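As a plain string of letters, each chain reads:
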Amino acid sequence: MTVILSRMALEHALLVSLTERAGSGYELARRFDKSIGYFWSATHQQIYRVLKRMAESGWLDSEPVAQAGRPDKRVYAVSDAGRAELARWIAEPTDADSPRNELAVKIRAAAYGDLGALRTEVARHRDQHAQRLDIYYRIEKRDFPTPDQLTGTALHQYLVLRAGIRVEAGAVEWCDEVLHALPPHAPAPHAD
């Protein structure tokens, strides 16, 4: 089976944040820096440009809000079209090796998508990490049977392999935790 992987766009990360709470570009950029920004970094200028594009695409509703002594600010909220796009994106497979943790962002937005599809995606990620972990363990057993006797280059190679083992084992454990926590049968997507 061929799986076509989606790529998270800044738009999707912003939709997740805005489903949690509407806000202005400035408020969103500050929130983003403190939360989703750990999974995806973006400058404030990028966020403002993308918000404008999202509003033009119909994914966001916005309204001006007067401020004392300053220009009006524009407050953004996710529209029905934006919720539909978010639900579509949540259901798409993602790349387990992406430098951005798309799966974590999708889980954060789970209330707005198909939990069954998300559970399937988490299970797929788990399987990929488990397969890689198994390969690493086989390499460790084959190439480093006596790790306490290693020195020089062999020790350095072993230490890097151990880092890979820890990363993959942690990913498997986290996916198991997510699968245990997410209900097997989900209610309809959240609507505000």
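Scroll up a little and you will see the structure.
How each quantity is defined
Residues numbered from 1 in each chain as written. Predicted model: local features only at pLDDT ≥ 70, side-chain atom pairs only at ≥ 80, totals over all residues. Heavy atoms only, no water. Helix = DSSP H or I, 4+ residues; strand = E, 2+ residues; numbered from the N terminus. Expected span 1.5 Å × (residues − 1). Buried < 20%, exposed > 50% of the residue type's maximum accessible area, 1.4 Å probe, protein only. Contact = heavy atoms within 4.5 Å. Pairing = 2+ DSSP bridges. Axes fitted to C-alpha atoms, helices over the stretch in contact; angles between N-to-C directions.

Asks: What am I meant to see in helix H6 (residues 115–143) here?
Replies: When the terminal C-alpha atoms of H6 are compared, their 41 Å separation across 29 residues agrees well with the 42 Å that a helix rising 1.5 Å per residue should span. Restricting attention to buried positions, one finds in H6 the residues Leu 115, Ala 117, Leu 118, Glu 121, Val 122, Arg 124, His 125, His 129, Leu 133 and Glu 140. For H6, the elements touching its buried residues are helix H4 (80–91), helix H5 (102–108) and helix H7 (152–181).

Asks: I would appreciate a short explanation of the pairing of strand S3 (residues 70–78) in the present structure.
Replies: Both faces of the sheet carry side chains from a regular strand, because those side chains alternate between them. Bridge count between strand S1 (residues 23–24) and S3: 2 bridges; the pairing is antiparallel. Counterpart to Gly 23 in the pairing with S3 is Tyr 76. Looking at chain direction, strand S2 (residues 60–67) and S3 are connected through 7 bridges and run antiparallel. Note that in S3 the partner of Glu 63 across the bridge is Val 75. Linking S2 to S3, which pair antiparallel, is a turn of 2 residues; within it Gly 69 sits at a positive phi near 75°.

Asks: Any chance you could explain the sheet that holds S2 here in plain terms?
Replies: The strands making up a sheet associate through hydrogen bonds between their backbones, and the pairing can be parallel or antiparallel. Pairing in this open sheet of 3 strands is antiparallel, and the strands run S1-S3-S2 from one edge to the other. Two strands lie at the open edges of the sheet, namely S1 and S2, each paired on one side alone. Across the sheet, helix H1 (residues 10–20) lies against S1, S2 and S3, angled at about 95° from S3, the strand it touches most.

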